[in-house]
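# Analysis of the macromolecular model
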Amino acid sequence: MKYFKIALHWQIIFALIPASVFGILYPTKYKITYDSYEKIAKDAPKYSISEQCVSHLQIFRSKEPHSESQFLAEIKKECPIFLEYEKKEFLLKNARYNPILSYVEWMGELFLRLLKMIIVPLILTSIISGTAGIGANGNLGRIGLKTIIYYLITSGLAIVVGLFLVNLIKPGMGTEIGLTESAGQIEFTETSFADSLMQIVPENIFKAFAMQEMLSIIAFSMLFGYFISRVGRKSREFLTDFFSSAFDVMMKITTFIIKFAPVGIFAIIAKTVADQAGDPEKLLLLVQGMGKFAAVVVGGLAIHALITLPFILKIFSRVKPFKHFRAVQAALLTAFSTRSSAAALSLTMESVENKSGVSNKISGFTLPFGATINMNGTVLYECVAAIFIAQAYGIDLPLNEQIIIFLSALLVSIGSAGVPMASLLMISIVLSAVDLPLEGIGLILAIDPILDMFRTSVNVWSDSCCAVVVAKSEGETLKIQ
Ligand code: ASP
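Now for a look at the structure at hand. (Residues numbered from 1 in each chain as written. Predicted model: local features only at pLDDT ≥ 70, side-chain atom pairs only at ≥ 80, totals over all residues. Heavy atoms only, no water.)

## Notes on the pattern of salt bridges
- One pass over the full model with this rule turns up 10 salt bridges.
- Close ionic contact of E237 with R233 constitutes a salt bridge, the shortest N to O distance being 3.3 Å. You can see E237 and its partner R233 sitting in helix 11 (residues 233-258), four residues apart, about one turn around the helix.
- Judged by relative accessible area, which is 39%, E237 ranks as partly exposed.
- The class of R233 is exposed, set by a relative accessible area of 56%.
- Salt bridges here are not isolated pairs; linked through shared partners, they connect R96, E105, K271 and D275. (Salt bridge = Lys/Arg side-chain N within 4 Å of Asp/Glu carboxyl O. Helix = DSSP H or I, 4+ residues; strand = E, 2+ residues; numbered from the N terminus. Buried < 20%, exposed > 50% of the residue type's maximum accessible area, 1.4 Å probe, protein only.)

## So, the packing of aromatic side chains
- This structure, assessed with the given rule, holds 21 aromatic pairs.
- Seen in terms of ring centroids, F336 and F454 are 5.4 Å apart; in terms of plane orientation they differ by 85°. Their pairing is edge-to-face. Placement of F336 in helix 15 (residues 329-338) and of F454 in helix 22 (residues 448-473) is noted, with a sequence separation of 118 residues between them.
- Judged by relative accessible area, F336 falls into the partly exposed class, the value being 25%.
- With a centroid separation of 5.8 Å and 40° between ring planes, the pair formed by F365 and F369 is classed as tilted. Here F365 and its partner F369 are both found in helix 17 (residues 360-373), four residues apart, which amounts to about one turn of the helix. In this structure, F365 and F369 share a single accessibility class: buried. (Phe/Tyr/Trp six-rings, centres within 6.5 Å; stacked < 30°, edge-to-face > 60°.)

## Description of the side chain of K31
- Residue position: K31 is located in the loop between strand 1 (29-30) and helix 2 (34-43).
- Buried charged residue K31 carries no salt bridge. Nearest counter-charge: E64, at 5.6 Å. (Lys, Arg positive; Asp, Glu negative; His and termini not counted.)

## Structural notes on the site of the ligand
- Around the ligand, a shell composed of 14 residues is seen, among which S341, T378, S423, D452 and R455 lie nearest.
- The contact in question runs from an oxygen atom of the ligand to an N or O atom on the side chain of R455, over 2.7 Å.
- Surface burial for the ligand is 100%, taken as the share of its 270 Å² of free accessible area covered by protein chains.
- Looking at side-chain class alone, the shell around the ligand contains four nonpolar, seven polar and three charged residues. (Near = heavy atom within 4 Å. Polar contact = N/O pair within 3.5 Å; in protein donor to acceptor, adjacent residues only side chain to side chain. Areas by Shrake-Rupley, 256 points an atom, 1.4 Å probe, with all protein chains shown as cover. Nonpolar A, V, L, I, M, F, W, Y, C, P; charged D, E, K, R; others polar.)

## With respect to the packing of helix 11 against helix 16 (residues 341-354)
- Closest axis-to-axis distance for the helix 11/helix 16 pair is 10 Å, and the angle between their directions is 105°. Of the possible angle classes, the one that applies to helix 11 and helix 16 is roughly perpendicular. In this structure, helix 11 uses F247, M251, T254 and I258 to contact helix 16, whose residues at the interface are S346, L347, M349, E350 and E353.
- Its residues placed into classes, the contact of helix 11 with helix 16 shows five nonpolar, two polar and two charged. (Axes fitted to C-alpha atoms, helices over the stretch in contact; angles between N-to-C directions. Parallel < 35°, antiparallel > 145°, perpendicular 65-115°, else oblique. Contact = heavy atoms within 4.5 Å.)

## Details of a positive patch on the surface
- On the surface, K314, R318, K320, K323 and R326 cluster together into a patch of positive charge.
- Mapping R326 onto the fold places it in helix 14 (residues 321-327). (Patch = residues over 30% accessible without salt bridge, like charges linked within 9 Å, V, L, I, M, F, W, Y side chains within 5 Å. Charge placed at Lys NZ, Arg CZ, Asp CG, Glu CD.)

## Some thoughts on a nonpolar patch on the surface
- On the surface, I6, W10, F14, I17, V21, L25, Y26, I100 and Y103 cluster together to form a nonpolar patch covering roughly 920 Å² of accessible area.
- Looking at which element gives the most residues to the nonpolar patch, the answer is helix 1 (residues 8-25), with five residues.
- Among the structural elements, L25 can be located in helix 1.
- By relative accessible area, which is 57% here, L25 ends up exposed.

## With respect to the environment of L397
- Summarising the element assignment, L397 is placed in the loop between helix 18 (376-392) and helix 19 (399-415).
- C-alpha of L397 to C-alpha of K282: the two residues are 115 residues apart in sequence and 31 Å apart in space.

## Here's the deal with the nonpolar core
- Within the largest apolar cluster, 127 residues are counted, with the highest numbers of intra-cluster contacts made by F293 and I444.
- Sort the elements by how many residues they give to this core and helix 6 (residues 102-136) lands first, with 14 residues.
- With sequence-adjacent residues up to four places away left out, I444 is seen in contact with M290, F293, Y381, A385, F388, L424 and I427. (Core = buried A, V, L, I, M, F, W, Y, C linked by side-chain atoms within 4.5 Å.)

## Examining helix 15
- Counting buried positions along helix 15 yields nine of 10 residues, so the element is predominantly enclosed.
- Three or more residues of helix 15 are buried, namely Q329, A330, A331, L332, L333, T334, A335, S337 and T338.

## Examining the packing of helix 7 (residues 140-169) against helix 18
- As a packed pair, helix 7 and helix 18 sit with axes 8 Å apart at the nearest point and diverge in direction by 30°. Regarding the angle of helix 7 to helix 18, the classification is roughly parallel. As helix 7 packs across helix 18, the resulting crossing turns out to be right-handed. Contact residues: Y151, T154, S155, A158, I159, G162, L163, V166 and N167 in helix 7; N376, V379, L380, C383, V384, I387, F388 and Q391 in helix 18.
- Residue composition of the contact of helix 7 with helix 18, by class: 11 nonpolar, six polar and no charged. (Left-handed = near helix turned anticlockwise from the far one by under 90°.)

So this is what it looks like as structure tokens:
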């Protein structure tokens with residue numbers, strides 16, 4: 001039976017409206033219930049929260065739910081340690097109180113779990129079958145090199161736009177340093193670039209699978225795929241068929257998961273909006289204090305996504321950028337709401353192959369690789385954030401220091417995972433490269449989740465453009481010409 005079918009991206013866009021209304025109608029509040037008290041008391045030692053503070057929370061058990069800032073203000077009077085970011089997040093996570101939202105929240109979590117479930121098998125089968133195919137005609141080096149050159153050039157351009165805007169607008173000048181949030185217990189990463197390189201080679205590949213260490217999984221899959229093309233004919237044919245059939249199955253599972261996208265995204269956005277709507281004062285203060293910084297980041301991301309990348313598509317690939325944009329819309333919306341390029345990967349692959357027409361050989365190789373190492377939005381954000389922090393501390397960074405920021409952001413983005421708020425930890429490396437105080441991260445903590453939505457969409461948009469550029473340079477005919 002033929003039935004009226006609404007395109008997926010429209011379904012998602014339609015879901016966003018009721019999701020926002022839902023979030024506004026049922027804002028999240030905070031309250032210590034019997035259950036949450038038990039949970040906090042159990043895990044408090046892990047966060048070095050004293051027994052005295054935990055028992056102090058008992059007082060709040062009978063109280064009405066409060067907005068985030070009222071709730072924290074009361075608790076912090078007796079226990080100022082909850083000013084520290086990790087402790088505060090732990091407390092808020094357990095004290096969230098939104099009984100109505102919990103009826104839909106699980107749908108978002110289920111959708112995210114499905115997306116995460118498919119990441120490792122999808123990367124494994126797509127890269128192995130992609131590399132086996134490319135390796136057989138001796139093209140692997142060429143396609144790999146083109147991919148890396150694309151990543152370096154576009155990341156470089158994104159950073160230049162970010163640096164230009166942040167130096168022009170100077171959003172950090174005059175920002176109150178009395179840090180509202182203390183970065184406190186955030187585990188700052190001490191990994192050097194050499195360490196990140198070393199992590200590419202796993203000591204134990206099964207551990208890498210279990211821990212979702214993407215760089216290691218990609219490196220192993222590339223080696224495996226390449227050497228499939230180097231073994232005897234019988235094994236080669238068997239393994240190539242096996243992995244490409246397994247990949248087909250993964251794509252079928254992806255298509256199945258995608259059907260849940262509108263419902264899953266509805267729930268994720270309802271939760272995001274509800275969490276913000278619970279405390280309009282906080283939102284207002286945030287916009288007043290961080291408005292300029294957010295505008296520079298979003299403005300920079302917009303220039304990169306709407307001018308630079310379409311220009312590259314037009315000049316190097318002679319395709320219609322807007323047609324490609326429409327083809328990958330559902331993936332971009334998924335990236336926006338999940339704040340994870342890894343979670344959006346399955347949708348990106350499906351859209352780039354089925355709607356833009358890039359061959360599985362190219363997209364199966366460039367997209368998983370890109371979701372891990374190509375992060376145009378992230379590098380732009382890291383540079384702008386570092387300079388913003390310097391400005392807020394009244395430090396005028398000379399050009400050579402800004403070049404160090406440029407290079408460290410570029411290298412660090414390779415090691416960042418495509419997961420929510422990955423940048424936050426990576427910024428610590430960029431800041432220490434130019435001796436800026438790590439506590440400065442406290443300035444951007446509150447606004448980070450919102451900006452994460454925008455930069456993740458740009459990361460995914462750039463990955464999808466890379467697949468197109470490489471496919472065209474290999475002589476493929478696409479559906480977006
Ligand atoms: N959330 C981003 C991503 O998944 C990474 C980041 O935090 O910048 O692409």
